[in-house]
Amino acid sequence: FTTNRTIEEQITKIKEFIKQRNFIEAEKIYLFVKAHYATLEKKQGEERRALHQKLCEVNKELIESLNAMRLELEKRTNIIRQLLEKAKEYMTKGDMQRANKIYLETREMFKTLPEAFSEKKAELENEITYFYGQLVNNFHQKNYTTLTEKGKQIENHITTAVGYLNMGDVEAAKKEYDIIYQFYTELPEGYL
């Protein structure tokens, strides 16, 4: 009859038996509750030890994973920084196309970096963004100079071609047109 009751109910029952001076029944229930308590305490201790062991294993696994991820992040970060240096060299030499190609490669590599260590990742992203700003600035400066130079040459040849047309020399005007077209095709993309 005591197995279906909670420990609190059984203790209440013990108190009732004591008040009734039914010590034999009170003792039976008391001994049962005491044995159940010892079993419960032992079971909880075993569960706590098992849980502690699992927590230690998870902690070790987490630390190992974070260390591996940190090493991978450092490795990829170094590669990205080396690529940025190479891109800067190309930009300094005026080879914007190669510099941009490497920049795009660094952006793709950056996207594959692990999400942990957000502070280091943000620092690297700032470096990439800063380089991109320099690249765009140099690209526009170089292309604007090319655009203005070619534009002046095109204007001069248009004036010459119109002069030939006014004199009736269509063949000379066609030759000027071919030169104008060649300069036109050499204008930087994005400015047309």
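Since this is a predicted model, take the numbers as computed values, not measurements.

Definitions and cut-offs
Residues numbered from 1 in each chain as written. Predicted model: local features only at pLDDT ≥ 70, side-chain atom pairs only at ≥ 80, totals over all residues. Heavy atoms only, no water. Phe/Tyr/Trp six-rings, centres within 6.5 Å; stacked < 30°, edge-to-face > 60°. Helix = DSSP H or I, 4+ residues; strand = E, 2+ residues; numbered from the N terminus. Buried < 20%, exposed > 50% of the residue type's maximum accessible area, 1.4 Å probe, protein only. Expected span 1.5 Å × (residues − 1). Axes fitted to C-alpha atoms, helices over the stretch in contact; angles between N-to-C directions. Parallel < 35°, antiparallel > 145°, perpendicular 65-115°, else oblique. Left-handed = near helix turned anticlockwise from the far one by under 90°. Contact = heavy atoms within 4.5 Å. Nonpolar A, V, L, I, M, F, W, Y, C, P; charged D, E, K, R; others polar. Lys, Arg positive; Asp, Glu negative; His and termini not counted. Salt bridge = Lys/Arg side-chain N within 4 Å of Asp/Glu carboxyl O.

A word on the packing of aromatic side chains. For the structure on display, the rule yields two aromatic pairs. Centroid distance Tyr 103 to Phe 131: 6.4 Å. Interplanar angle 35°. Geometry classified as tilted. Here Tyr 103, found in helix H3 (residues 96–111), pairs with Phe 131, found in helix H4 (residues 118–167); they are 28 residues apart in sequence, far enough to count as distant. Taking relative accessible area as the criterion, Tyr 103 reaches 10% and is therefore assigned buried.

Quick look at H4 now. Helix length check: H4 (50 residues) gives 71 Å between terminal C-alpha atoms against 74 Å at 1.5 Å per residue, within 8%. Residue Gly 168 follows H4 closely and has a positive phi angle near 90°.

Once that is clear, we can look at the packing of H3 against H4. At their nearest, the axes of H3 and H4 sit 11 Å apart, and the two run at 160° to each other. With respect to each other, H3 and H4 are oriented roughly antiparallel. The handedness of the crossing between H3 and H4 comes out as left-handed. Counting all contacts with H3, which are made through Met 96, Ala 99, Asn 100, Tyr 103, Thr 106, Arg 107 and Phe 110, the residues of H4 involved are Lys 121, Leu 124, Glu 125, Ile 128, Thr 129, Phe 131, Tyr 132, Leu 135, Asn 138, Phe 139 and Lys 142. A class-by-class count of the residues in the contact of H3 with H4 yields ten nonpolar, four polar and four charged.

Before going further, it helps to spend a moment on the side chain of Glu 176. Among the secondary structure elements, Glu 176 is positioned in helix H5 (residues 170–185). Among buried Asp, Glu, Lys and Arg side chains, Glu 176 stands out as unpaired, with Lys 175 the closest opposite charge at 9.1 Å.

The next thing to look at is the pattern of salt bridges. What the rule picks out here adds up to 13 salt bridges. A salt bridge links Glu 16 to Lys 13, with the shortest nitrogen-to-oxygen separation between them at 3.7 Å. Of the two residues, Glu 16 and Lys 13 both sit in helix H1 (residues 7–19), three residues apart, roughly one turn of that helix. Of the residues examined, Glu 16 reaches a relative accessible area of 36% and is grouped as partly exposed. Here Lys 120 makes a salt bridge to Glu 74, at a shortest N to O gap of 3.7 Å. Of this pair, Lys 120 sits in helix H4 while Glu 74 sits in helix H2 (residues 23–93); the two residues are 46 residues apart in sequence, bridging distant segments of the chain. What makes Glu 74 partly exposed here is its relative accessible area of 30%. Through salt bridges that share partners, Arg 70, Glu 74 and Lys 120 make up one connected network.

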